[in-house]
Amino acid sequence: MEVKKKTGKVDVLLGLQWGDEGKGKVVDVLTPRYDVVARFQGGPNAGHTLEFNGQKYVLRSIPSGIFQGGKVNIIGNGVVLAPDLFMDEAKALEASGHPLRERLHISKKAHLIMPTHRVLDAAYEAQKGKNKVGTTGKGIGPTYTDKVSRTGLRVGDILENFPEKYAAAKARHEAILRSLNFDYDIAEVEKKWMEGVEYLRQFPIVDSEHEINGLLREGKTILCEGAQGTMLDVDFGSYPFVTSSNTICAGACTGLGIGPNRIGEVYGIMKAYCTRVGAGPFPTELFDETGKRIRDLGHEYGAVTGRERRCGWIDLVALRYSIMVNGVTQLIMMKSDVLDGFDTIKACVAYKQNGQEINYFPYNIEEGIEPVYRELPGWKTDMTRFTSEEEFPQQFRDYIAFLEQQLETPITIISIGPDREQTIIRK
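What you see is a predicted model; the values in this text were computed from it and never measured. (Residues numbered from 1 in each chain as written. Predicted model: local features only at pLDDT ≥ 70, side-chain atom pairs only at ≥ 80, totals over all residues. Heavy atoms only, no water.)

1. Re the nonpolar core
Residues Leu-339 and Tyr-399 are the most contacted members of the largest nonpolar core, which totals 57 residues. No other element matches helix α11 (residues 394–407), which puts six residues into this core. Those residues within four positions of Leu-339 in sequence are excluded, and the remaining contacts are Ala-272, Tyr-273, Ile-294, Trp-313, Ile-345, Trp-379 and Tyr-399. Among the nonpolar cores identified, the runner-up in size contains 30 residues, and Phe-162, Tyr-166, Val-197 and Tyr-199 belong to it. (Core = buried A, V, L, I, M, F, W, Y, C linked by side-chain atoms within 4.5 Å. Buried < 20%, exposed > 50% of the residue type's maximum accessible area, 1.4 Å probe, protein only. Helix = DSSP H or I, 4+ residues; strand = E, 2+ residues; numbered from the N terminus. Contact = heavy atoms within 4.5 Å.)

2. Some words on the layout of surface pockets
By volume, the second largest pocket amounts to about 260 Å³. For the second largest pocket, the lining is made up of 13 residues, of which Gly-237, Ser-238, Tyr-239, Tyr-363 and Asn-364 are closest to its centre. Among the residues forming the lining of the second largest pocket, the class breakdown is eight nonpolar, three polar and two charged. (1 Å grid on protein atoms, 1.4 Å probe; cavity = no way out; pocket = protein on both sides within 12 Å on 5 of 7 lines; lining within 4 Å. Points joined across faces, edges and corners; volume = space filled by probe spheres on them. Nonpolar A, V, L, I, M, F, W, Y, C, P; charged D, E, K, R; others polar.)

3. Notes on the side chain of Ser-64
Within the secondary structure, Ser-64 sits in the loop between β4 (55–59) and β5 (72–75). In this structure Ser-64 comes out as buried when scored by relative accessible area, which is 0%. There is a polar contact of 2.6 Å between the side chain of Ser-64 and the side chain of Glu-225. (Polar contact = N/O pair within 3.5 Å; in protein donor to acceptor, adjacent residues only side chain to side chain.)

4. Details of the pattern of salt bridges
Under the counting rule described, the total for this entry stands at 22 salt bridges. In this structure, Arg-420 and Asp-28 form a salt bridge, with 2.6 Å as the shortest nitrogen-oxygen distance. Residue Arg-420 is located in the loop between β19 (411–415) and β20 (423–425), and its partner Asp-28 is located in helix α1 (residues 23–30); the two are separated by 392 residues in the primary sequence. Here Asp-28 falls in the buried class, since its relative accessible area comes to 2%. Residue Glu-300 is joined to Arg-309 by a salt bridge in which the shortest nitrogen-to-oxygen separation is 2.7 Å. On the basis of relative accessibility, which here comes to 0%, the residue Glu-300 falls in the buried class. On the basis of relative accessible area, Arg-309 is assigned to the buried category, the value being 7%. (Salt bridge = Lys/Arg side-chain N within 4 Å of Asp/Glu carboxyl O.)

5. Topic: the pairing of strand β1 (residues 9–15)
On any regular strand, side chains alternate: one points to one face of the sheet, the next to the other face. A large share of β1 lies buried, amounting to six of its seven residues. Summarising the sheet, β1 and strand β10 (residues 221–225) pair through five bridges and their orientation is parallel. Bridging from a neighbouring strand, Leu-13 pairs with Glu-225 of β10. By the bridge criterion, five bridges tie β1 to strand β11 (residues 263–271) in an arrangement that is parallel. Residue pairing in the sheet places Gly-15 in a bridge with Ile-269 of β11. (Pairing = 2+ DSSP bridges.)

6. Some remarks on helix α4 (residues 140–148)
Of the residues making up α4, those classed as buried are Ile-140, Pro-142, Thr-143, Tyr-144 and Asp-146. The elements touched by buried residues of α4 are β6 (80–81), β8 (111–112), α3 (115–128) and α5 (162–179). The first or second residue beyond α4 is Arg-150, which carries a positive phi of 65 degrees.

Honestly, it's all geometry; don't read function into it.
The structure is reproduced here in structure tokens:
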């Protein structure tokens, strides 16, 4: 006899470039379609910026669906959480009139970023000298290192015998720091961190994998929110200049406890150009006035760190690779308006490496990569006030068609400004 189970829907939304693609805004726009929004990896090194009703918000650990009332928001087991930074972020949201405690659930299995993790982050970067990765210094890497080496602290640990567990983990870190002869003082940070732990106890701390799958059995719809971008994935990004988690679609399964057969749509977010923060290879980076112009027009400065982003033309070789490893079904293009005033738009369609033209993303892109560009006419139109795709100039329509042909994936949503309302959903 055939047994039919009621089942919900899981869609995944993630970045396809080196992060900073505009995921927060899109999650906010799409949230009305879903019952649940869940973060599945990363930590407070990732800032998701949202603008609406004349206000600007930067979320670091809290899912971007938090502004839509009546939705459940979940911080999954794949996330690493800093209690003090979480407390600051949550209190700022509550002060601006957004209730959190009935909307936000936190996985017991999410790992805690300790004060000594941040010190270790700084110590390891200092040791690397000119080979620095360019971390944000938030302790993300050392926290994931402890997770993999099975010595980490998790959110669930704050519920029982926490002082003893914390002291043991801190002692391990201090032994490493002594061996590195690294000076530090965490007294003030540690005091606030402990306040953050107490604040954390006020939220529902849950077995998130059971909660999520229970919601699916009830027929609920879930949007999984990724942080950073595909090209920063620890396995498939430009290693070693990557983050310490799996930023790709598969990370939603391990970061939330969802079976791969549950995944439906995979939304891949990209900018109409390309940016990168910190060190690492960037084949289409522009070092001229055009790069500076894109940076200034796009306000390309880190939402969390304030660091200047490196800017360049769109890289279709890297995007094809990202679409492949994620199984992207729909593309979302952000910051199209930044290119409104350019006479000519360039797109990298292939690489030249060792004198040969290649159209795939190679193992090593650190040296000897030269982008091969296709030039397209700019649209020279201010699109920020448009409300439908019928208003798009022909040159912009041609740009969209060119990208869809090159990437073999439909572009279904286009952002033409930072506000929630400046979003065109294509028919």
